[in-house]
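# Structure assessment
Given next are the chains, with one letter for each unit.
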Amino acid sequence: YQPPSHAPLLQVPRNSSTQRREEDKETKRTRIIAMAEQNQTDAGRHQEVGHKSLLQSDALYQYILETSVYPREPEPMKELRELTAKHPWNIMTTSADEGQFLNMLLKLINAKNTMEIGVYTGYSLLATALALPEDGKILAMDINRENYELGLPVIKKAGVDHKIEFKEGPALPVLDEMVKDEKNHGSYDFIFVDADKDNYLNYHKRLIDLVKVGGLIGYDNTLWNGSVVAPPDAPLRKYVRYYRDFVLELNKALAVDPRIEICMLPVGDGITLCRRIK
Ligand code: SAM
Ligand code: CA
């Protein structure tokens, strides 16, 4: 436990006996604050699977979920979220607050033709499909069909599966083929990238041609569990350390890319929105 930064303000040592009394009081005070904070953390710990909260406290994040997200979450999204929570790789899922954000964003920009790279069980896919008009389209790609099929019955029940074209396999060769055909250029309103982080820059090179001028690409996990600011010797899990360098490289490249305007949001694990301007 680290005492809160305001605690030292109460330390006013004068002579040794008052100093001891003050210290005792201070120790007691620090202990009480520590207990209170622990209780608050335990009581307020959020339950959102796969979410690596970037907020100051879990209680604050739980507040967002309970006040704004869960009460308005469409029933199929709730069902898919609960189904995914039981899956061993549930850490990969898009969090409910990010799902809500994507859903609103797509409506705000009137997205119709979209793409998603990295589907898993389909939470962000469903958030997208529900936001699009009846004739909206999502080209969804993932190397793993099995996980997509886990969520598919829920997507079908929601009546939005007709908007989805699922392609099984690595996304990069598909993008290469698409870029070759001029008629795909500038044809996407929105592209959500949430797959292999070591390929994000390769995706960007292709997607910048496929998204329309004024359209958006969203790169997910650009704060990479907060590791983008971790000191070099920080004890990071192996996969976090491995992908961190790629995320850092992507963030640097996006920041200076004159073809886009960007906005990095601390939603979920960080999402960078790129609006193509030329
Ligand atoms: N957007 C998903 C959601 O809302 O649950 C989460 C996607 S998960 C973080 C990453 C996914 O990318 C995994 O399902 C994985 O199989 C997929 N993936 C990994 N490498 C890929 C590649 N080269 N091409 C396409 N998908 C890939
Ligand atoms: Ca993600």
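Use the structure listed above.
Below is a short write-up of the structure.

Cut-off values and rules
Residues numbered from 1 in each chain as written. Chains lettered and ligands numbered in written order. Predicted model: local features only at pLDDT ≥ 70, side-chain atom pairs only at ≥ 80, totals over all residues. Axes fitted to C-alpha atoms, helices over the stretch in contact; angles between N-to-C directions. Helix = DSSP H or I, 4+ residues; strand = E, 2+ residues; numbered from the N terminus. Parallel < 35°, antiparallel > 145°, perpendicular 65-115°, else oblique. Contact = placed C-beta atoms within 7 Å. Nonpolar A, V, L, I, M, F, W, Y, C, P; charged D, E, K, R; others polar. Near = placed C-beta within 6 Å. Left-handed = near helix turned anticlockwise from the far one by under 90°. Core = buried A, V, L, I, M, F, W, Y, C linked by C-beta atoms within 7 Å. Buried ≥ 20, exposed ≤ 12 C-beta atoms within 10 Å, placed from the backbone. Pairing = 2+ DSSP bridges. Expected span 1.5 Å × (residues − 1). Bend = angle between axes of the 7 residues up to and from the residue.

Attention now moves to the packing of helix 3 (residues 75–85) against helix 5 (residues 123–131). Following both chains from N to C, one finds helix 3 and helix 5 inclined at 175 degrees, their axes separated by 10 Å at the closest point. Taken together, the axes of helix 3 and helix 5 are roughly antiparallel relative to one another. Residues P76, M77, L80, R81 and T84 of helix 3 pack against Y123, L126 and A127 of helix 5. Within the contact of helix 3 with helix 5, the residues separate by chemical class into six nonpolar, one polar and one charged.

What surrounds ligand 1 is a group of 20 residues, the closest being T94, G118, Y120, S124 and A195. Counting only elements with at least two residues in the shell around ligand 1, the list comes to helix 5 and strand 2 (137–142). Of the residues belonging to the shell around ligand 1, the class tally is ten nonpolar, seven polar and three charged.

Here T114 is to be found in strand 1 (residues 113–117). Spatially, the C-alpha atoms of T114 and S187 are 8.8 Å apart, while their sequence positions differ by 73 residues.

Bringing the packing of helix 2 (residues 58–69) against helix 4 (residues 96–108) into the picture now. Contact geometry of helix 2 with helix 4 gives a least axis separation of 10 Å together with a crossing angle of 45 degrees. In terms of their interaxial angle, helix 2 and helix 4 are classed as oblique. The crossing of helix 2 and helix 4 is left-handed. Here I64, L65 and V69 of helix 2 lie close against helix 4, whose contacting residues are A96, D97 and Q100. Partitioning the contact of helix 2 with helix 4 into residue classes produces four nonpolar, one polar and one charged.

Here the focus is the nonpolar core. Within the largest apolar cluster, 49 residues are counted, with the highest numbers of intra-cluster contacts made by L126, A129, I191, V193 and I217. For L126, the residues in contact, after removing those within four places along its chain, are P76, M77, L80, I155 and A158.

What follows concerns unusual backbone geometry. A positive phi angle, close to 50 degrees, is found at Y120, a residue other than glycine. Secondary-structure assignment places Y120 in the loop between strand 1 and helix 5. The buried category is assigned to Y120, around which 23 C-beta atoms lie within 10 Å. Notably, N221 is not glycine yet its phi reads approximately 70 degrees, a positive angle. Inspection of the secondary structure assignment puts N221 in the loop between strand 5 (211–220) and helix 9 (238–255).

This part covers the sheet that holds strand 4 (residues 188–193). In spatial order, the strands read 3-2-1-4-5-7-6; together these seven strands make up an open sheet with mixed pairing. Edge positions in the sheet fall to strand 3 (164–168) and strand 6 (260–265), since each of these pairs with one other strand and no more. Each neighbouring strand pair of the sheet contributes to a mean axis angle of 15 degrees, computed without reference to strand direction. Sheet analysis places strand 4 next to strand 5, joined by five bridges and oriented parallel.

With 18 residues, helix 9 should reach 26 Å at 1.5 Å per residue; the first-to-last C-alpha distance of 26 Å fits that figure. Maximal helix bending in helix 9 amounts to about 30 degrees, located at R244. Inspection of helix 9 places V247, L250 and L254 among the buried residues, and these make up the whole buried set. Where helix 9 is buried, its residues touch helix 8 (200–210), strand 5, strand 6 and strand 7 (271–276).

Here E79 lies in helix 3. On the basis of neighbour counts, which here come to 17 C-beta atoms within 10 Å, the residue E79 falls in the partly exposed class. In this structure the C-alpha to C-alpha distance between E79 and L236, which are 157 residues apart in sequence, comes to 33 Å.

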